[in-house]
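A look at the structure
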Amino acid sequence: MSDRLSVSVPEGASGSRADRFMADASGLSRARVQRLIAEGRLTAEGQRVRARDPVQAGQRLVLEVPEVAPVEVPAEDIPLDIVYRDEDVLVIDKPAGLVTHPAPGHERGTLVNALLALDPDMAGPGTAASGERPGIVHRLDRDTSGLLMVARNDDAAASLQAQLKARRVRKTYLGLVAGVVDAQLGRIEKPIGRDPRQRLRMAIVPEGKPAVTGYRVRERFAAWTLLEMDLVTGRTHQIRVHLASIGHALAGDRVYAVGSARRGPPGLERLFLHAWKLEFLSPRSGRLVRCEAPLPRALEGVLDSLRGAEEGRS
């Protein structure tokens, strides 16, 4: 059995390498996409496409992805930045580039592999360690950095999942967006679901699930705006889709942004999105836990360059 993923190349992605574009569009690791391409599983109009071939706007690429049997997830000694720890919960400051949980073709080098080495008890059966995602009650995209809660036992997992469902977990992000956001604060309420034209992407669709994102302007630049964003609901790619829908895509977003927004300002080499603050109730005591993770130095450096450019114009 296999799945066929059909993706149309947007204008802003024209000229990108086929393997890089398909990895960004599908959410699969680039290594796995390259292996599938080497097996002849990527085609355009029935013709095989090579990994290094440039894609063209309007081109429809079809990737055949065979089913892969589940594998045992090994523990790996991967350094983690632990912001908060008690007997029930860990809060990790996840770096950009670290995948949250294993997937076919990417069974190693993930946050879950690191967690199993850090806390072997999480590998036992139960809610906190279901399947290949021990302790994972929510996730961050591979290219998003910042705070992530991890449950260390079944009771903690149930508590955190209930808090997430009841929207009692407060998650605040920092993101640099293209253009000048006029309003000092705002609220985006648009339903999100699978893009009917490209099912690996999300989109604003009438039949989608309700999604709410609040935002406040933190800092303005000539062509960019730094926002604080409250994730009221937790839909896949919610912040990225919502901001792109109002004409202010996140800097460095290779899926939903085009043109200069997709490239980002000089020096940016990743998606400018960071899970900055996190608030939740301790599963055991009920007390409020507040965590904060400063912007990574690479992102702060981009802002410093923009500030320098602003001073040069004044």
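Below: a short report on this structure. Remember, it's a predicted structure, so these values are computed and weren't measured experimentally.

**What to know about the overall build of the protein chain**
- If you tally the helices and strands in the protein chain, you get 7 helices and 15 strands.
- Relative to a compact globule of 314 residues, whose C-alpha radius of gyration would be 20 Å, the protein chain shows 20 Å and is just as compact.
- Based on the C-alpha atoms only, the size of the protein chain along its principal axes is roughly 60 × 55 × 40 Å.
- In the protein chain, buried positions account for 49% of the 314 residues.
- Across the protein chain, the fraction of contacts at a sequence separation of at least 24, relative to all contacts at a separation of at least 6, is 64%.
- Summed over its atoms, the accessible surface of the protein chain is roughly 15,400 Å², and 48% of this surface lies on carbon and sulfur atoms.

**Things to note about the environment of F272**
- Inspection of the secondary structure assignment puts F272 in the loop between helix 6 (259-263) and strand 14 (273-281).
- Spatially, the C-alpha atoms of F272 and L299 are 6.9 Å apart, while their sequence positions differ by 27 residues.
- The residues contacting F272, other than those within four sequence positions of it, are L174, G175, L176, L226, L250, A251, L295, L299, V302 and L303.

**Quick look at the nonpolar core**
- In terms of nonpolar packing, the biggest core is built from 27 residues, with Y173, L227, M229, I239 and L243 touching the most fellow members.
- The set of elements that each furnish at least two residues to this core consists of strand 6 (89-94), helix 3 (111-118), strand 7 (145-151), strand 8 (170-178), strand 12 (212-220), strand 13 (224-231), helix 5 (238-245) and strand 14.
- For this core, the element with the highest residue contribution is helix 3, accounting for 4 residues.
- I239 has contacts with Y173, T213, M229, L231, L250 and L273, leaving out every residue within four places of it along the chain.
- Residues V9, L61, L63 and V65 belong to the second largest nonpolar core, which totals 22 residues.

**Description of the pattern of salt bridges**
- Considering all chains together, one arrives at 24 salt bridges under this definition.
- A salt bridge links E39 to R41; the nearest nitrogen and oxygen atoms lie 2.7 Å apart.
- Between D141 and R139 there is a salt bridge; the shortest N-O distance is 3.2 Å.
- Overall, D141 belongs to the buried group, its relative accessible area being 14%.
- On the accessibility criterion, R139 (43% relative accessible area) is partly exposed.
- Through salt bridges with shared partners, a single network forms among R170, R216, R218, E228 and D230.

**Let's talk about the packing of aromatic side chains**
- Going through the model one piece at a time under the given rule, you end up with 1 aromatic pair.
- Note on Y84 and F280: the rings are 6.3 Å apart at their centroids and 80° apart in plane angle, and the pair reads as edge-to-face. One end of the pair, Y84, is in strand 5 (residues 82-85); the other, F280, is in strand 14, with 196 residues separating them in the sequence.
- Given a relative accessible area of 14%, Y84 falls into the buried group.
- Exposure remark for F280: the relative accessible area of 0% places this residue in the buried category.
- One residue, R218, lies across the ring of W276, its end atom 4.8 Å from the ring centre.

Definitions and limits used
- Residues numbered from 1 in each chain as written.
- Predicted model: local features only at pLDDT ≥ 70, side-chain atom pairs only at ≥ 80, totals over all residues.
- Heavy atoms only, no water.
- Helix = DSSP H or I, 4+ residues; strand = E, 2+ residues; numbered from the N terminus.
- Rg over C-alpha atoms; globule rule 2.2 N^0.38 Å.
- Buried < 20%, exposed > 50% of the residue type's maximum accessible area, 1.4 Å probe, protein only.
- Contact = heavy atoms within 4.5 Å.
- Areas by Shrake-Rupley, 256 points an atom, 1.4 Å probe, with all protein chains shown as cover.
- Core = buried A, V, L, I, M, F, W, Y, C linked by side-chain atoms within 4.5 Å.
- Salt bridge = Lys/Arg side-chain N within 4 Å of Asp/Glu carboxyl O.
- Phe/Tyr/Trp six-rings, centres within 6.5 Å; stacked < 30°, edge-to-face > 60°.
- Lys NZ or Arg CZ within 6 Å of the ring centre and 35° of its normal.

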